[in-house]
Amino acid sequence: MNRYLFALVEYGVKNHLIEQEDRIWALNRILEVMGLSDVELPTEEPLSCPLHEILEALTQDAVSRGLVDDNQVARDLFDTKLMGVITPAPHEVRRTFETLYARNPQAATDWYYQLSQNTNYIRRDRIAKDVKWIYPSDYGPLDITINLSKPEKDPKAIAAAKLAPQSGYPKCALCAENEGYAGHMNHPARQNHRVIPVTIHNTHWYLQYSPYVYYNEHCIVFNANHTPMKIERATFRKLLDFVMQFPHYFVGSNADLPIVGGSILSHDHFQGGHYTFAMARAPMERSVSFRGFEEVQAGIVKWPMSVIRLRSKDTERLVELADRILRAWRGYTDEAAFVFAQTDGVPHNTITPIARQDQGTYELDLVLRNNITTEEHPLGVYHPHANLHHIKKENIGLIEVMGLAVLPARLKTELSLLKDALVAGQEIRSNEILSKHADWVDQLKTKYTFTAQNTEEILRQEVGAVFAQVLEDAGVYARTEEGQAAFLRFIQYVNQEVL
């Protein structure tokens, strides 16, 4: 065990988390966390092994001595506490970021992203387990992922969480108060978490990375105050301010209504990163013009959802036009297209906005959203329909809107079992795990002859096809002649209305 204790210290020095002169101090802090008061000094070279192996060995030792409960949540709380010992203080992180930013914004984010991995805030060993592939859709290459890096609570952890005292601090998983927080059975530990202050539209926000990294440098920009999501004129200004400061990043916001919004509506935040999604590559297939904004390049994007793209070097004009479109859409009803601004006083229309910069030209994609429900579609008319729920049932948020499927972890096992069943010619309707896929599989059997060699790839491509259909279901205006005519009616409405 001694060798793992010294290996963690060595890791901290090697990855510039602590300095050479911090070695003894760091070792003693680690001993304190481990509940140990004695250690034999090493007589051989330190262990050279991945961080997750060091942490697993130290955590298992603590479990074996009764210091830590034997469940995944408790283990995560403990190994994060260990990493907190060797994570630089917030003022050090911010000072280094500011120094690097003064030279080059990308140098600053490159360093900060690497730090977030080195501190194990981003758990590289878990991210590596995610299943990913590309589906070549009619709209461009869609990213398909089965996310395995976000841990699911095991039964022991669920039982322990029920018994744990409830807390209102921090108010949510995004609040700045998470920085350095020890966590508990109902809230993740964040001793190894550091956030960077940023000012956008003269307001105080923070930058961090997502611990689950759905794509490269997946960052979160969140309001310093715990305030609800709201799409408004200031949202467009904030998004554009961010990409002015970080021109190599895109940034976007989830919508601010249930069903079409993200998983956290209680805290205003954006998501961005250093990645080009299929939607960003998709061309404008129909140019349009907005009265009074003729100098702004505008068009309807070739995309399964309903997207208006605006391009200009003048960010203030982009904000003005985006606000005009938003206000028009908030109050727009077109019964023939089944678009209702509200029913029984409940609003339905909102926008998912995305901003990016390309060599001084700024771009806003405005994705029209509507969260109306019916008896036929109780989870949402513009939401994955019931025949697709065997693959994707969850809300279609910002990341999916842009062309990256975040599919549930269950699919890794289910697709493997489906492959075996198809190759063996087994019937699956009576299979408790696989029966949800039975209608889909019946359709596939009319298209393919399954073999041990081709089944896995066929399933992956057909899952991709399902995701493309998911996005089409989430589009307010269908990609039909009738649907696109209805889309143009809204464009005409924006031009006719005095807003």
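See the structure above.
Since the structure is predicted, the reported quantities are computational estimates derived from the model, not experimental observations.

About the criteria used
- Per chain, the residues get numbers from 1 upward, laid out in the order the sequence is written.
- With the structure being a predicted model, the display of local features is reserved for residues of pLDDT at least 70 and the display and counting of side-chain atom pairs for 80 or more, all residues being used for whole-chain, interface and lining totals.
- Hydrogen atoms and water are omitted, and side-chain values are computed over all heavy atoms in the structure.
- Strands here are runs of E lasting at least two residues and helices are runs of H or I lasting at least four, both read from the DSSP assignment and numbered beginning at the N terminus.
- By the criterion applied in these results, polar contacts are pairs of N or O atoms within 3.5 Å in which, for protein atoms, one can donate a hydrogen and the other can accept it, and in which residues neighboring in sequence qualify only through two side-chain atoms.
- Working rule for contacts: check all heavy atoms of both residues, and any pair within 4.5 Å makes them a contact.
- Every axis in this analysis is a line fitted to C-alpha atoms, fitted for helices over the stretch in contact. Angles between the N-to-C directions lie between 0 and 180 degrees.
- An angle below 35 degrees is read as roughly parallel, one above 145 as roughly antiparallel, one from 65 to 115 as roughly perpendicular, and any other as oblique.
- Helix crossings are classified by the rotation of the near helix relative to the far one: an anticlockwise turn of less than a right angle makes the crossing left-handed, while a clockwise turn makes it right-handed.
- Side-chain rings of Phe, Tyr and Trp (the six-membered ring for Trp) are treated as a pair once their centres are within 6.5 Å; stacked means planes under 30 degrees apart, edge-to-face means over 60, and tilted covers the remaining angles.
- In a helix, the anticipated span is given by 1.5 Å times the number of residues less one.
- The cut-offs for exposure are 20% and 50% of the maximum accessible area for each residue type, with area from a 1.4 Å probe on protein chains only; residues under the lower value are buried, those over the upper are exposed, and the others partly exposed.
- Read the arc as the range of directions from the helix axis to the C-beta atoms.
- Any two strands with at least two DSSP-identified bridges between them are counted as paired.
- Remark: nonpolar core denotes a set of buried residues (Ala, Val, Leu, Ile, Met, Phe, Trp, Tyr, Cys) joined through side-chain atoms within 4.5 Å.

Mapped onto the secondary structure, Thr455 falls in helix H15 (residues 455–474). One polar contact links Thr455 to Asn454, side chain to side chain, over a distance of 3.4 Å. Among residues more than four places away in sequence, those in contact with Thr455 are Lys419, Leu422, Val423 and Phe450.

Here the focus is the packing of helix H2 (residues 23–34) against helix H4 (residues 72–85). With their axes 9 Å apart at the nearest point, H2 and H4 run at an angle of 160 degrees to one another. One element, H2, and the other, H4, form an angle in the roughly antiparallel class. With respect to the hand of their crossing, H2 and H4 are arranged in right-handed fashion. Residue-level inspection shows Trp25, Ala26, Arg29, Ile30, Val33 and Met34 of H2 in contact with H4, the latter providing Phe78, Lys81, Leu82 and Val85.

Let's shift gears to the packing of aromatic side chains. Per the stated rule, a full pass over the model turns up 26 aromatic pairs. What links up through ring pairs into an aromatic cluster is the set Phe97, Tyr101, Tyr112, Tyr113, Tyr209, Phe242, Phe246 and Tyr249.

This paragraph deals with helix H5 (residues 90–103). With 14 residues, H5 should cover 20 Å at 1.5 Å per step; its first-to-last C-alpha distance of 20 Å lies within 8% of that length. Residues Val93, Phe97 and Leu100 constitute the buried set of H5. Axial view of H5: buried residues confined to an arc of 70 degrees, hence all on one face. Exposed and oriented more than 90 degrees from the buried face of H5 are His91, Glu98 and Ala102. Buried-residue contacts for H5 involve helix H6 (105–118), strand E3 (196–200) and strand E4 (203–209).

As a further point, take the sheet that holds strand E15 (residues 404–407). Ordered by their spatial adjacency, 3 strands build an open sheet running E1-E2-E15, and the pairing between neighbours is mixed. Each edge of the open sheet carries a strand with a single partner, namely strand E1 (131–137) and E15. Ignoring which end each strand starts from, the neighbouring axes of this sheet average 20 degrees apart. Across the sheet, helix H13 (residues 410–424) touches E1, strand E2 (140–146) and E15, and the angle it forms with E2 is around 100 degrees. Each of E1, E2 and E15 touches H15; the most contacted strand, E1, lies at about 65 degrees to it.

This next bit is on H13. Here H13 is 15 residues long and its end C-alpha atoms lie 21 Å apart, about the 21 Å a rise of 1.5 Å per residue gives. Within the sequence span of H13, burial applies to Leu411, Glu414, Leu415, Leu418, Ala421 and Leu422. Burial along H13 is one-sided: seen end-on, the buried residues are contained in an arc of 125 degrees. Looking at the buried positions of H13, the neighbouring elements they touch are E1, E2, E15, helix H14 (438–445) and H15.

This part covers the nonpolar core. The biggest cluster of nonpolar side chains holds 95 residues, and the ones touching the most others in it are Phe290, Leu310, Tyr477 and Phe490. Looking at this core element by element, the count peaks at 8 residues for helix H11 (residues 315–330). Residue contacts for Tyr477: discarding those within four places in its chain leaves Ser306, Trp329, Tyr332, Ala337, Val339, Leu368, Gly483, Gln484, Ala486, Phe487 and Phe490.

If you trace the backbone, Arg330 turns up in helix H11. Judged by its relative accessible area of 28%, Arg330 falls in the partly exposed class. Contact partners of Arg330, with chain neighbours within four places excluded, come to Ile231, Asp256, Ala341, Asn349 and Thr350. A distance of 2.8 Å separates a polar atom in the side chain of Arg330 from the backbone oxygen of Ile231. From its side chain, Arg330 meets the backbone oxygen of Asn349 in a polar contact 3.1 Å long.

This brings us to the sheet that holds strand E7 (residues 269–273). Strand order in this open sheet of 10 strands is E3-E4-E5-E7-E6-E13-E14-E10-E9-E8, and the pairing throughout is antiparallel. Looking at the sheet topology across the chains shown, the edges are occupied by E3 and strand E8 (284–288). Taking each pair of neighbouring strands and ignoring which way they run, the sheet shows an average axis angle of 25 degrees. Pairing analysis gives 6 bridges linking strand E10 (residues 307–312) to strand E14 (residues 361–370), with the strands arranged antiparallel. In the strand pairing of E14, Arg309 is matched with Asp365. Each of E3 and E4 is contacted by H6, which is oriented at about 55 degrees to E4, the strand it contacts most. Of the strands in this sheet, E3, E4, strand E5 (219–223), strand E6 (250–252), E7, strand E13 (349–358) and E14 are in contact with helix H9 (residues 233–245), which crosses E13 at around 20 degrees.

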